[in-house]
Amino acid sequence: MMQPVMAALDLPVTLRLMSDADISMLHDWLNRPHIVVWWGGERPSLETVREKYLPRVLAQDRVVPYIGMLGDMPFAYAQSYVALGAGGGWWEDETDPGVRGIDQSIGYAELLGKGLGSKLVLALVDVLFTDPNVTKIQTDPAPNNLRAIRCYENAGFRSEGIVVTPDGPAVYMVRDRPPKK
Ligand SMILES: CC(C)(COP(=O)(O)OP(=O)(O)OC[C@H]1O[C@@H](n2cnc3c(N)ncnc32)[C@H](O)[C@@H]1OP(=O)(O)O)[C@@H](O)C(=O)NCCC(=O)NCCS
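Residues numbered from 1 in each chain as written. Predicted model: local features only at pLDDT ≥ 70, side-chain atom pairs only at ≥ 80, totals over all residues. Heavy atoms only, no water.

1. Focus: the packing of helix α6 (residues 116–129) against helix α7 (residues 146–154)
So, step 1. Across the interface, α6 lies against α7 with an axial gap of 8 Å and an inter-helix angle of 50°. Judged on the interaxial angle alone, α7 and α6 are oblique. In this structure, α6 crosses over α7, and the sense of that crossing is right-handed. Within the contact between the two elements, α6 uses Gly-117, Ser-118 and Val-121 and α7 uses Cys-151, Tyr-152 and Asn-154.
So, step 2. Each residue belonging to the contact of α6 with α7 can be placed in one class, and the counts come to three nonpolar, three polar and no charged. (Axes fitted to C-alpha atoms, helices over the stretch in contact; angles between N-to-C directions. Helix = DSSP H or I, 4+ residues; strand = E, 2+ residues; numbered from the N terminus. Parallel < 35°, antiparallel > 145°, perpendicular 65-115°, else oblique. Left-handed = near helix turned anticlockwise from the far one by under 90°. Contact = heavy atoms within 4.5 Å. Nonpolar A, V, L, I, M, F, W, Y, C, P; charged D, E, K, R; others polar.)

So, in structure tokens, the structure goes:
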């Protein structure tokens, strides 16, 4: 089994929008221990995943869900959101409507730590900056999620210190829009 996975690591990492048909795959991923530990701490039921992650549900909170693709294999979940007005106690000091936030997780433990997360974040940053209204991209890994923090640094994010979010303390990391060439 090792060889096909290693060969696949050279395939391009891209993103596509998530659809309703991806929900059972997402449910499987969100129940895997390597994600549970960093993503809510609980094993969500299929019903809960449907209630929270169907694209039309997320759209109500201006969250866009994506599936990360390794070649033609779905391998990761990612989402972007508008920080201003996120509600629920999130990003209450934000005043800039151009700030987008991102989160992502790789679905398969055997694919962690191989550079795919860094490529996925770079791909998502590129997608988001195609919108001229986007000024800055932020993310908020847990302070002890050193692998995620390093992954974001690989993708050009810098830490601006610790913030307190409704999910607890987080490292506030940002990436500005690249200067025009
Ligand atoms: C976070 C996540 C998306 C990162 O993707 P990834 O493919 O594993 O990350 P990459 O391999 O691109 O980069 C990880 C970096 O962290 C480093 N790293 C790995 N474990 C580490 C640790 N315990 N401490 C410090 N650095 C660590 C790696 O060496 C690598 O850095 P390098 O490229 O400079 O060598 C992925 O690990 C994941 O899905 N984790 C589980 C869920 C999760 O944490 N989601 C994120 C919530 S914010």
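Here the narrative resumes.
2. Topic: the packing of helix α2 (residues 23–30) against helix α4 (residues 46–53)
So, step 1. Contact pair α2 / α4: the axes reach a minimum separation of 9 Å and the direction vectors enclose 115°. Here α2 lies roughly perpendicular to α4, going by the angle between them. Considering only the axes of α2 and α4, their crossing is right-handed. In contact with Ile-23, Ser-24, Leu-26, His-27 and Leu-30 of α2, α4 contributes Leu-46, Val-49, Arg-50 and Tyr-53.

3. Structural notes on the site of the ligand
So, step 1. Close to the ligand lie 19 residues; Ile-106, Gly-113, Gly-115, Gly-117 and Ser-118 are nearest.
So, step 2. A distance of 2.8 Å is found between an oxygen atom of the ligand and a backbone nitrogen or oxygen belonging to Gly-115.
So, step 3. Between the ligand and the protein, one listed contact pairs an oxygen atom with a side-chain N or O atom of Arg-150 at 2.9 Å.
So, step 4. Here the ligand, which alone exposes 960 Å², has 74% of that area covered by the protein.
So, step 5. Among the elements of the structure, β4 (99–106), α6 and α7 are those that each provide at least two residues to the shell around the ligand.
So, step 6. No other element matches α7, which puts six residues into the shell around the ligand.
So, step 7. Residue composition of the shell around the ligand, grouped by class: seven nonpolar, nine polar and three charged. (Near = heavy atom within 4 Å. Polar contact = N/O pair within 3.5 Å; in protein donor to acceptor, adjacent residues only side chain to side chain. Areas by Shrake-Rupley, 256 points an atom, 1.4 Å probe, with all protein chains shown as cover.)

4. Re α6
So, step 1. The end-to-end C-alpha distance of α6, which contains 14 residues, comes to 20 Å, matching closely the 20 Å that a straight helix rising 1.5 Å per residue would cover.
So, step 2. Taking burial as the measure, the 14 residues of α6 include ten buried ones, the bulk of the element.
So, step 3. By the burial criterion, the buried members of α6 are Leu-116, Gly-117, Ser-118, Leu-120, Val-121, Ala-123, Leu-124, Val-125, Leu-128 and Phe-129. (Expected span 1.5 Å × (residues − 1). Buried < 20%, exposed > 50% of the residue type's maximum accessible area, 1.4 Å probe, protein only.)

5. Considering the sheet that holds β4
So, step 1. Pairing within the open sheet is mixed, and its seven strands lie in the order β1-β2-β3-β4-β5-β7-β6. Because the sheet does not close on itself, it has two edges, and the strands there are β1 (13–17) and β6 (158–165). Ignoring which end each strand starts from, the neighbouring axes of this sheet average 30° apart.
So, step 2. Taken together, the eight bridges between strand β2 (residues 63–70) and strand β3 (residues 73–82) define a ladder with antiparallel strand orientation. Bridge pairing in β3 links Met-69 to Pro-74.
So, step 3. Together, β2 and β3 form the strand contacts of α2, whose direction differs from that of β3 by roughly 90°.
So, step 4. α7 rests against β4, β5 (136–139) and β7 (168–176) of the sheet, and its axis sits at about 10° to β7. (Pairing = 2+ DSSP bridges.)

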